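# An overview of the molecular structure
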Amino acid sequence: WEIMYRTSLTVSRTLDINQLIEQIVDLIFQWVQCDHACVMLQDQSTGTLTPVYRKNRKVQSNHQITISKTILDYVLKKEEGVLTSNAKDDQRWNSSASIEASGVCEAICVPMRGRYGVVGVLYIDTIVRAAEQSKSSDLNVFNEEHLKMMVTIGHQAALAIEDTKFYQSTLQSEKLAAVGQTIANLSHHVKNILQGLRGGGYMVKEGLQSQSLGTVRSGWEICDKIHGRIESLVLDMLTLSKERKPQRQSIDLVELIQDVLAIAMTAANDAKVDLTWVPSEAIEKISVDPEGIHHALLNLVLNAIDATGGRPDAKVLVKVSQTPTATQILVEDNGV
């Protein structure tokens, strides 16, 4: 009962399959006087068994664990555990050559059977020298209680392996979903950056054509700010695995909104949308994450322009109001 309890604790606390198997084998070695143990997992698509963990009781032993294919085939076919107290003379194995060669005297092999089928096998054995066999005819180490215990441990291990694989599969699906969401978010960033570059470039071009240094300077200021946003985007992509934490600082909200409208103005002109804003009479500085607010507001304004484009009376209005307890930015449009 104690090993059952300790096995249950092990499988409930471990999400790493290799660590789980190693801990279970260590528990078996504490309670059963076996010489060797091996865990083999089954490929669900091909049915092939692959050894994933082996252990010899003697640390310095170079003994190569040889598991009879006859025993493995029997366990997999019958999906039941087997106990052999005299492997060489057990009639079930018909003097298997692999058993003869391995020198195995006693062996237990059980299926690791979970909810959905067999995931592998759990095997332990003992090797008794001929000199020891001559001294006593009753040198059995394993009995039916050991077999029952191994069957139970194999079942618990299989359930844990199935749960772990399901968890890993779910985690992978969540990661893929997160990648898709990240790409969608990045596309908004890239769209906004391209729109800003387009607007700044348009002003620079207009200024050069009209020989207006002021217009060129204004266009270049927009492009320069966009360059900083490109740098921030690249840095965010390099730390994609980490969620960005808001960086609060005291800002002039009017300047932020004017910067957003300057970036969006080219898109508004192309779509023939009347883009205006109405600030309150006096807006005090507020403590916010300027990058996050800028990104969110620019998205709202550009989406509003997209929604109203093509209408003869297309309008997008940005309103700002401030009370002692809150500051509000409202984006309105008359799109469908």
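Counting from 1, residues in each chain are numbered in the order their sequence is written. At least 70 in pLDDT is required for a residue's local features to be given in this predicted model, at least 80 for side-chain atom pairs to be given and counted, and no such filter applies to totals for whole chains, interfaces and linings, which use all residues. Hydrogens and water are ignored here; the side-chain numbers use all heavy atoms of the structure.

## Some points on the overall build of the protein
Rules: For the purposes of this entry, the term helix denotes a DSSP run of H or I that reaches at least four residues, the term strand denotes a run of E that reaches at least two, and both are numbered from the N terminus. When accessible area is computed with a 1.4 Å probe and restricted to protein chains, residues below 20% of their type maximum are described as buried, those above 50% as exposed, and intermediate ones as partly exposed.
Looking only at helices and strands, the protein has 9 helices and 10 strands in total. Counting only residues that meet the buried cut, the protein has 37% of its 336 residues in that class.

## A word on helix H8 (residues 253-270)
Selection rule: Given the number of residues in a helix, its expected span is that number minus one, multiplied by 1.5 Å. Two axes enter the definition of the bend at a residue: one is fitted to the seven residues ending there, the other to the seven starting there, and the bend is the angle between them. For this analysis, a polar contact is any N or O atom pair within 3.5 Å, provided that within protein one partner can donate a hydrogen and the other can accept it, and provided that sequence-adjacent residues contribute only side-chain to side-chain pairs.
Between its first and last C-alpha, H8 extends 26 Å over 18 residues, near the 26 Å set by a 1.5 Å rise per residue. Of all the bends in H8, the greatest measures close to 40 degrees and is centred on Ala-264. Taken residue by residue, H8 has Leu-253, Leu-256, Ile-257, Asp-259, Val-260, Leu-261, Ile-263, Ala-264, Thr-266, Ala-267 and Ala-268 as its buried positions. Its side-chain oxygen placed 3.0 Å from the backbone nitrogen of Val-254, Asp-252 serves as the N-cap of H8.

## What to know about the packing of aromatic side chains
Selection criterion: Here a pair means two rings of Phe, Tyr or Trp (six-membered ring of Trp) with centres within 6.5 Å. Their orientation is stacked below 30 degrees between planes, edge-to-face above 60, and tilted elsewhere. By definition, being over a ring means that NZ of Lys or CZ of Arg is both within 6 Å of the ring centre and within 35 degrees of the ring normal.
Summed over all chains, the structure comprises 0 aromatic pairs. The side chain of Lys-55 reaches across the aromatic face of Phe-29, ending 4.9 Å from its centre.

## Let's talk about the sheet that holds strand E5 (residues 118-126)
Quick reminder of the rule: Note on pairing: DSSP must find at least two bridges between two strands before they are called paired. To define axes, lines are fitted to C-alpha atoms, for helices over the stretch in contact only, and angles between the resulting N-to-C directions are given on a 0 to 180 degree scale. We call two residues contacting when some pair of their heavy atoms lies within 4.5 Å.
Overall, antiparallel pairing links the 5 strands, which are arranged E2-E1-E5-E4-E3 in an open sheet. Of all strands in the sheet, those with a lone pairing partner are strand E2 (49-56) and strand E3 (82-84), marking the two edges. Strand after strand, the sheet turns through a mean of 15 degrees between neighbouring axes, direction not considered. Pairing analysis gives 3 bridges linking E3 to strand E4 (residues 106-113), with the strands arranged antiparallel. Within E4, the residue paired with Val-82 across the bridge is Cys-109. In the packing of helix H2 (residues 17-31) onto the sheet, the strands contacted are strand E1 (36-42), E2 and E5, and the crossing angle to E2 comes to about 45 degrees. Packed on one face of the sheet, helix H3 (residues 69-78) meets E1, E2, E3, E4 and E5 and runs near 35 degrees to E4.

## Description of the pattern of salt bridges
The line we're drawing: Whenever a carboxyl oxygen of Asp or Glu lies within 4 Å of a side-chain nitrogen of Lys or Arg, that contact is scored as a salt bridge.
Going through the model one piece at a time under the given rule, you end up with 8 salt bridges. The partner of Arg-115 in a salt bridge is Asp-163, with the nearest N and O atoms 2.9 Å apart. With Arg-115 in the loop between E4 and E5 and Asp-163 in helix H6 (residues 144-210), the pair connects residues that are 48 residues apart, well separated along the chain. Because the salt bridges share partners, they merge into one network encompassing Arg-115, Glu-162 and Asp-163.

## Re a nonpolar patch on the surface
Here is the rule: The patches described consist of residues with a relative accessible area above 30% and no salt bridge, like charges being joined within 9 Å and nonpolar side chains (Val, Leu, Ile, Met, Phe, Trp, Tyr) within 5 Å. Method for areas: the Shrake-Rupley scheme with a 1.4 Å probe, in which residue coverage is limited to the protein chains shown.
There is a patch of nonpolar side chains on the surface, built from Val-190, Leu-194, Leu-197 and Ile-230 and spanning about 290 Å² of accessible area. With 3 residues, H6 is the single largest residue contributor to the nonpolar patch. With respect to the element layout, Ile-230 can be found in helix H7 (residues 213-238). Residue Ile-230 is classed as partly exposed on the basis of its relative accessible area, which comes to 31%.

## Structural notes on H3
Applicable threshold: Along the arc lie the directions from the helix axis toward the C-beta atoms.
Restricting attention to buried positions, one finds in H3 the residues Ile-71, Leu-72 and Val-75. Seen end-on, H3 carries its buried residues on one side only, within an arc spanning 100 degrees. For H3, exposure combined with an orientation more than 90 degrees from the buried face picks out Lys-69 and Lys-77.

## Structural notes on the sheet that holds strand E7 (residues 274-278)
Taken together, the 3 strands give an open sheet; going across it, the order is E7-E9-E10, and neighbouring strands pair in mixed fashion. Each edge of the open sheet carries a strand with a single partner, namely E7 and strand E10 (327-333). Across the sheet, the mean angle separating the axes of adjacent strands is 10 degrees when strand polarity is ignored. Where strand E9 (residues 315-322) lies against E10, 7 bridges are found, and the strand directions are antiparallel. The residue of E10 that forms the bridge with Leu-317 is Glu-332. Across the face of the sheet, H8 comes into contact with E7, E9 and E10 while running at roughly 170 degrees to E7. On the sheet, helix H9 (residues 290-308) packs against E7, E9 and E10 and is oriented at approximately 20 degrees with respect to E10.

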